[in-house]
Amino acid sequence: EDKVVQSPLSLVVHEGDTVTLNCSYEVTNFRSLLWYKQEKKAPTFLFMLTSSGIEKKSGRLSSILDKKELFSILNITATQTGDSAVYLCAVENSGYALNFGKGTSLLVTP
Amino acid sequence: KAGVTQTPRYLIKTRGQQVTLSCSPISGHRSVSWYQQTPGQGLQFLFEYFSETQRNKGNFPGRFSGRQFSNSRSEMNVSTLELGDSALYLCASSPGLAGSYNEQFFGPGTRLTVL
């Protein structure tokens, strides 16, 4: 059975800290790994990763995929209170379905 | 470009009733996927449609069904509602092209409460 595991489940940091969120997976017929940010509404797309070792960056956020070890990390540097959200990792299989992890709840305190 | 829209945004029903939710994808996107989000189970895949055909279905009972129209709009139907069906129902759209990497973009969701 396909499985996506995120860690930690929750995290509290101070503004300015750097955080690393983890996502490991076991998925048949892997196609891509996606990261989403969810505040009190629908998930918003952050990154899609398809190849190992290629870092995707957007401002203070970056992510990388390791297809050999079956994991991905999402880094957020110089965190701000606006980064407080649930970060979801999802893996797409060849059946066009996204298999989501339970998410990491990040709280950034002033 | 307008994003994914879902109607209604909120819905309250009683057990045993049925409900129909609607999703309009981003213009040009032909794939619509549906997900159920609950505090206990997180986000779970329901089904995916492309060009009016269901390409994949998640592990949900037959009370959950869907369809897609020629303009790519999709509807999801839940019959004989149960308390456990209370959830946020999200739809996501993507180009859905086979052999390509397709980012899925989510709509705002429909919050269904079953009393």
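Residues numbered from 1 in each chain as written. Chains lettered and ligands numbered in written order. Predicted model: local features only at pLDDT ≥ 70, side-chain atom pairs only at ≥ 80, totals over all residues. Heavy atoms only, no water.

> Would you mind going over the pairing of strand E4 (residues 30-38) of chain A with me for this structure?
Residues in a regular strand point their side chains to alternate faces of the sheet. Residue and element names in this part refer to chain A. Across the nine residues of E4, eight count as buried, placing the element largely inside the fold. Pairing analysis gives eight bridges linking E4 to strand E9 (residues 85-93), with the strands arranged antiparallel. From the neighbouring strand, Lys-37 faces E9, where its bridge partner is Tyr-87. Alignment of E4 against strand E5 (residues 44-49), held across five bridges, turns out to be antiparallel. Opposite Trp-35, over in E5, you have Phe-47 as the bridge partner. Remark: five residues form the turn of the hairpin made by E4 and E5, two consecutive strands paired antiparallel. (Buried < 20%, exposed > 50% of the residue type's maximum accessible area, 1.4 Å probe, protein only. Helix = DSSP H or I, 4+ residues; strand = E, 2+ residues; numbered from the N terminus. Pairing = 2+ DSSP bridges.)

> Whenever I open this one, the sheet that holds strand E1 (residues 5-7) of chain B confuses me. Can you help?
Sheets are built from strands that pair by backbone hydrogen bonding, the pairs being arranged parallel or antiparallel. All names here are of chain B. If you walk across this open sheet you meet the four strands as E1-E3-E8-E7, and the pairing is antiparallel. Sheet topology places E1 and strand E7 (64-68) at the edges, where each strand pairs with a single neighbour. Between one strand axis and the next, the sheet turns by 20° as a mean value, whatever way the strands run. Relative to strand E3 (residues 19-24), E1 runs antiparallel, the two sharing three bridges. Residue pairing for E3: Thr-7 is matched across the bridge by Ser-22. (Axes fitted to C-alpha atoms, helices over the stretch in contact; angles between N-to-C directions.)

> Got a minute to help me understand unusual backbone geometry in this structure?
Peptide bonds are mostly trans, and most non-glycine residues show a negative phi. Omega for the peptide link from A:Ser7 to A:Pro8 comes to -10°, which places this bond in the cis form. With respect to the helices and strands, A:Pro8 occurs in the loop between strand E1 (3-7) and strand E2 (10-14). In this model, B:Thr7 is joined to B:Pro8 through a cis peptide bond whose omega is -10°. Tracing the sequence through the fold places B:Pro8 in the loop between E1 and strand E2 (10-13). Of note in the backbone geometry, A:Ala78 takes a positive phi value of approximately 45° without being a glycine. Relative to the helices and strands, A:Ala78 is located in the loop between strand E8 (71-76) and E9. The backbone phi angle of B:Thr80 is positive, close to 45°, even though this residue is not glycine. Relative to the helices and strands, B:Thr80 resides in the loop between strand E8 (74-78) and strand E9 (87-94).

> I tried to follow the interface of chain A and chain B on my own but got confused; where do I start?
Where the parts come together, the accessible area they lose is often given as the size of the interface. On the chain B side, the residues contacting the 19 residues of chain A number 24 residues. On the chain A side of the contact with chain B, A:Arg31, A:Tyr96 and A:Phe100 bury the most area, a combined 33% of that side's loss. Here chain A and chain B share zero salt bridges between them. For the side of chain A that touches chain B, the leading source of residues is E4(A), giving five residues. When grouped by side-chain class, the residues that make up the side of chain A that touches chain B number eleven nonpolar, five polar and three charged. (Contact = heavy atoms within 4.5 Å. Buried area = accessible area lost by both parts, 1.4 Å probe. Salt bridge = Lys/Arg side-chain N within 4 Å of Asp/Glu carboxyl O. Nonpolar A, V, L, I, M, F, W, Y, C, P; charged D, E, K, R; others polar.)

Limitation: the analysis is restricted to geometry and does not speak to function.
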